[in-house]
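Per-entry structural report
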Amino acid sequence: MEQIVTVKTQKQMIMNKLFFTLFFLAFAACANAQRSDGSTRSLVAAEKEFAESAVKNGIKSSFHTYSANDAIVFRPNPVNAKTFYSNQPNDKNLSWTPDYARVARSGDWGFTTGAYTVNGNEKAYGQYLSVWKAVNGKWELVLDIGASHNKPLHPVTELFIEPKDFYKPKFAGEKQIAAGRDIILTTEKTLNATLKSYGVAAFGGFLNPDARLIFPGYEPVTGKDKVMFFYNGLISKMSLKTARADKASGGDLAYTYGVATVEYKADLKENFNYVFIYERQPDHNWNLIQQVYTSAENK
């Protein structure tokens, strides 16, 4: 009898050990997915884990977990993420997956874009852009914007670009950070002045060859020539009112957001919230590599 009890006890100990081992491995995998090691791979892992959490634990819960305290979401106008989701139901009907991602050479700043789907009585589709920062070795969401469109008809190829090298200044005080933001604000001020003078043709001097565009009602547009074709066919004039700019400490990537007033060729005018991603070029100019617009709600 004693031998039977001993065998049962040993089996129970083995099962307990196996359970805790599996639990630890699952926890470690989760933590590793959130952890930033300065690579685009780690950012994509964090984004995918965020998306998986939204399906499993709910959108409200996941935004509270993954967002920085000062994170901004466009719903449709910019609002603090945690404040917004504190008043929302914890739905589990949103899914998304990244298909394009970049991380700054400083390893502390990056962004992803991709397709999202809202499941319900009628499915809704669109594209999102998320900006992330690494805080204490962990990726945190700092900005999220999206634009809806009809069910996509064209396949998208994944492209996750790793930094070419690593550079982070040893000393970057408030003055240096503010000066970096001023450079981006000046760049966008110049873009806005050029738009006023030349219309949307002005974008031709600011778009990178691999520029990407997300605009409500349309599937993503990739490549400078295609983006310019889109602008020239639809829009006559545009003006920008920049609300904020931020630049990676590595000095190679930056973003702005604000309100764009668009005048269509069809003699209509509409306001959009926008987020622009810039990349510094070898000639020290800043080119647009990603643009996202979403309809603005008039206050």
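This section reports on the structure supplied with the text. Everything numeric here is computed off the predicted structure, so don't read it as measured data. (Residues numbered from 1 in each chain as written. Predicted model: local features only at pLDDT ≥ 70, side-chain atom pairs only at ≥ 80, totals over all residues. Heavy atoms only, no water.)

**Thoughts on the layout of surface pockets**
In this structure, the largest pocket occupies an estimated 570 Å³ of space. If you go around the largest pocket, you meet 27 residues; those closest to its centre are Arg75, Tyr85, Leu94, Tyr116 and Val118. Listing elements by their share of the lining of the largest pocket, those giving two or more residues are helix H2 (40-57), helix H3 (59-66), helix H4 (81-85), strand S3 (94-103), strand S4 (109-118), strand S5 (124-135), strand S6 (138-149) and strand S13 (286-295). Of the residues forming the lining of the largest pocket, the biggest block, five residues, is contributed by S6. (1 Å grid on protein atoms, 1.4 Å probe; cavity = no way out; pocket = protein on both sides within 12 Å on 5 of 7 lines; lining within 4 Å. Points joined across faces, edges and corners; volume = space filled by probe spheres on them. Helix = DSSP H or I, 4+ residues; strand = E, 2+ residues; numbered from the N terminus.)

**With respect to unusual backbone geometry**
That bond from Arg75 to Pro76 is cis: its omega, -10 degrees, falls within 30 degrees of zero. Take Pro76: it is sitting in the loop between strand S1 (67-74) and strand S2 (78-80). A positive phi angle, near 55 degrees, is found at Asn136, a position not held by glycine. Residue position: Asn136 is located in the loop between S5 and S6. Residue class for Asn136 comes out exposed when judged on its relative accessible area of 80%. (Buried < 20%, exposed > 50% of the residue type's maximum accessible area, 1.4 Å probe, protein only.)

**Quick notes on the pairing of S1**
Of all eight residues that make up S1, six are buried, and the element is covered over most of its length. Here three bridges tie S1 to S6, and the two strands are oriented parallel to one another. What sits directly across from Ile72, in S6, is Leu143. As consecutive antiparallel partners, S1 and S2 are separated by three residues. (Pairing = 2+ DSSP bridges.)

**Overview of the pairing of strand S8 (residues 207-214)**
Counting buried positions along S8 yields six of eight residues, so the element is predominantly enclosed. Pairing analysis gives four bridges linking S8 to S13, with the strands arranged parallel. What sits directly across from Ile214, in S13, is Val292. Between S8 and strand S9 (residues 221-222), which follow one another and run antiparallel, lie six residues, and Gly217 among them has a positive phi close to 90 degrees.

**What to know about the packing of aromatic side chains**
Scanning the model with the defined rule gives 20 aromatic pairs in all. A ring pair is formed by Phe50 and Trp96, whose centres lie 4.9 Å apart and whose planes are at 75 degrees; its orientation type is edge-to-face. One end of the pair, Phe50, is in helix H2; the other, Trp96, is in strand S3, with 46 residues separating them in the sequence. Neither Phe50 nor Trp96 differs from the other in exposure class; each is buried. Relative to Phe276, the ring of Tyr274 has its centre 4.4 Å away and its plane inclined at 40 degrees; by these criteria the two rings are tilted. The pair formed by Tyr274 and Phe276 is uniform in burial state, with each residue classed as buried. Among the aromatic residues, those joined into a cluster by ring pairs are Phe203, Phe215, Tyr218, Phe230, Tyr231, Phe272, Tyr274, Phe276 and Tyr293. A cation sits over an aromatic face here: Arg212 above Tyr100, 3.8 Å from the ring centre. (Phe/Tyr/Trp six-rings, centres within 6.5 Å; stacked < 30°, edge-to-face > 60°. Lys NZ or Arg CZ within 6 Å of the ring centre and 35° of its normal.)

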